[in-house]
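Summary of structural features
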Amino acid sequence: EPEVTQTPSHQVTQMGQEVILRCVPISNHLYFYWYRQILGQKVEFLVSFYNNEISEKSEIFDDQFSVERPDGSNFTLKIRSTKLEDSAMYFCASSEKVRETQYFGPGTRLLVL
Amino acid sequence: GESVGLHLPTLSVQEGDNSIINCAYSNSASDYFIWYKQESGKGPQFIIDIRSNMDKRQGQRVTVLLNKTVKHLSLQIAATQPGDSAVYFCAENRWNSGYALNFGKGTSLLVTP
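Each chain has its residues counted from 1, following the order in which its sequence is written. As they are written, the chains are lettered A onward and the ligands numbered 1 onward, keeping that order. The model is predicted, so local features are restricted to residues of pLDDT at least 70 and side-chain atom pairs to those at 80 or more, both for listing and for counting; the totals for chains, interfaces and linings are taken over all residues. Based on all heavy atoms of the structure, the side-chain values leave hydrogens and waters out of the count.

**Description of the overall build of chain B**
Heads up, the condition is: Secondary structure is summarised from DSSP: a helix means a run of H or I of at least four residues, a strand means a run of E of at least two, and numbering begins at the N terminus for each. Note that the radius of gyration is over C-alpha atoms, with the globule rule given as 2.2 Å times the number of residues to the power 0.38. Per-residue accessibility, obtained with a 1.4 Å probe over protein chains only, is compared with the maximum for each type, and a residue is labelled buried under 20%, exposed over 50%, and partly exposed between these values.
Secondary structure assignment for chain B yields zero helices and 11 strands. When the helices and strands of chain B are read in sequence order from the N terminus, they spell out β-β-β-β-β-β-β-β-β-β-β. The C-alpha atoms of chain B give a radius of gyration of 13 Å, which matches the 13 Å a tight globule of 113 residues would have. Dimensions of chain B along its principal axes, counting C-alpha atoms only, are 45 × 30 × 20 Å. With 113 residues in all, chain B has 46% of them scored as buried.

If you want it as structure tokens, here you go:
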């Protein structure tokens, strides 16, 4: 069964450093998403991406965040200058169509020290 | 404020019993609802979804009920098994916001032998 994959599974970084989280969405899906989950809290929407551009973003997704589809398979989330409060699980998701089932990857646990 | 929320943070059931997990939403624009299961250290796993033109939808051992009048939905799990132990999230999508899933806080289901 096709699934969303994410790398790395864990990332530890120093405050102020840049991190890039990587995702490979399901191959025939056209819509891509990033969510985050701070420990013990609910999953929060960050951004959606379609046709090589951001289609929607939340208030969390400020100027320090960016997304990119550098090739036909990868989808990345970059955090330019990490802050302590960026520590969370980051989930990538994809869907075949808009407002259809979003399938989530296993997540990247980011720890900012 | 607008939210998707769960009535109980934890639910403990005996193996073989039926489980019912509840969720309330407040936004009238919500018209697509999804239940996800999240096991420890993993990403949300799709269970079942329902659109607002339906009141009930059944899957394998799971049923989702939607009451639009009181803005409430529930997930029923028949013959609960130890493997059902996880955190369950309801999420909603709004017709006027095509991309973001808005998640509730989650209910932890513990199945005891």
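**Focus: the pairing of strand β7 (residues 65-68) of chain A**
All names here are of chain A. To keep things clear, this is the line we draw: Only when DSSP finds a minimum of two bridges between them are two strands counted as paired.
Burial along β7 is one-sided: Phe65 and Val67 are buried, while Ser66 and Glu68, pointing the other way, are not. Relative to strand β8 (residues 75-79), β7 is paired through four bridges, and the arrangement is antiparallel. Residue pairing for β8: Phe65 is matched across the bridge by Ile79.

**Topic: the pattern of salt bridges**
Counted only if it meets this: When a carboxyl oxygen of Asp or Glu lies within 4 Å of a side-chain nitrogen of Lys or Arg, that pair is called a salt bridge.
One pass over the full model with this rule turns up eight salt bridges over all chains. The partner of Arg99 of chain A in a salt bridge is Asp31 of chain B, and the shortest N-O contact between them spans 2.7 Å. Of this pair, Arg99 of chain A sits in the loop between β9 (88-95) and β10 (103-104) while Asp31 of chain B is found in strand β4 (residues 30-38), placing the two residues in two different chains. A relative accessible area of 16% places Asp31 of chain B in the buried class. Among the salt bridges present, the one from Lys42 of chain B reaches Glu39 of chain B, with a minimum N-O distance of 3.8 Å. Glu39 of chain B sits in the partly exposed class, given a relative accessible area of 28%.

**A look at the state of the cysteines**
All names here are of chain B. This is how the line gets drawn: Any two cysteine sulfur atoms lying within 2.5 Å of each other are counted as a disulfide.
Using the criterion set out here, one finds two disulfides over all chains in the structure. Between the sulfur of Cys23 and that of Cys90 lies a disulfide, 1.7 Å long from S to S. In this structure, the disulfide formed by Cys23 and Cys90 twists by about 50° around the S-S bond and is classed as right-handed. Taken together, the residues span a long stretch of sequence, with Cys23 in strand β3 (residues 19-25) and Cys90 in strand β9 (residues 86-94) at a distance of 67 residues. For the pair shown, Cys23 and Cys90 are each scored as buried.

**Regarding the nonpolar core**
Selection rule: Here, the term nonpolar core denotes a set of buried Ala, Val, Leu, Ile, Met, Phe, Trp, Tyr and Cys residues that are joined through side-chain atoms within 4.5 Å. Throughout, a residue-residue contact means that at least one pair of heavy atoms, one from each residue, lies within 4.5 Å.
Among the nonpolar cores identified, the biggest contains 21 residues, and Trp34, Leu46, Phe61, Val67, Phe75, Leu77 and Tyr90 of chain A are the most heavily contacted of them. Breaking this core down by element, the ones donating at least two residues are β3 (19-24), β4 (31-37), β5 (44-50), β7, β8, β9 and β11 (108-112) of chain A. Apart from residues lying up to four places away in sequence, Tyr90 of chain A is in contact with Gln6, Leu21, Trp34, Tyr35, Arg36, Leu46, Phe65, Leu77, Ile79, Gly107, Thr108 and Leu110 of chain A. One finds Leu11, Tyr25, Val62 and Ile77 of chain B within the second-largest nonpolar core, a separate group that totals 20 residues.

**What about a nonpolar patch on the surface?**
Our working definition: Only residues above 30% relative accessible area that lack a salt bridge enter a patch, with like-charged residues linked at up to 9 Å and the nonpolar side chains Val, Leu, Ile, Met, Phe, Trp and Tyr linked at up to 5 Å. Accessibility throughout is a Shrake-Rupley quantity obtained with a 1.4 Å probe, and a residue counts as covered only by protein chains that appear here.
Together, Val12, Leu111 and Leu113 of chain A give the surface a local cluster of nonpolar side chains, amounting to about 270 Å² of exposed area. Its relative accessible area of 54% is what places Val12 of chain A among the exposed residues.

**Topic: the side chain of Asp49 of chain B**
The criterion, for reference: Polar contact is the term for a pair of N or O atoms within 3.5 Å; when the atoms are in protein, one must be able to donate a hydrogen and the other to accept it, and sequence-neighboring residues count only if both atoms are side-chain atoms.
Here Asp49 of chain B lies in strand β5 (residues 45-51). Judged by its relative accessible area of 10%, Asp49 of chain B falls in the buried class. Side chain to side chain, Asp49 of chain B and Thr101 of chain A meet in a polar contact 3.4 Å long. A polar contact of 2.3 Å, which involves the side chain of Asp49 of chain B, links it to the side chain of Arg57 of chain B. Those residues within four positions of Asp49 of chain B in sequence are excluded, and the remaining contacts are Thr101 of chain A together with Tyr32, Phe33, Ile34, Arg57 and Val64 of chain B.

**Considering the environment of Tyr35 of chain A**
All names here are of chain A. Relative to the assigned elements, Tyr35 resides in strand β4. For the pair Tyr35 and Ile54, spaced 19 residues apart in sequence, the C-alpha separation works out to 14 Å. A polar atom in the side chain of Tyr35 sits 2.7 Å from the side chain of Gln102.

**Focus: the interface of chain A and chain B**
Inclusion rule: Accessible area that two parts lose when put together, evaluated with a 1.4 Å probe and summed over both, is termed the buried area.
Between chain A and chain B, the residue contacts involve 21 residues of the former and 23 residues of the latter. Both sides of the chain A and chain B interface together cover about 1,800 Å² of buried area, and 54% of this is carbon and sulfur. Summed over the shared surface of chain A and chain B, the result is two salt bridges. Between chain A and chain B we count 12 residue pairs in polar contact (both at pLDDT 80 or more) in total.

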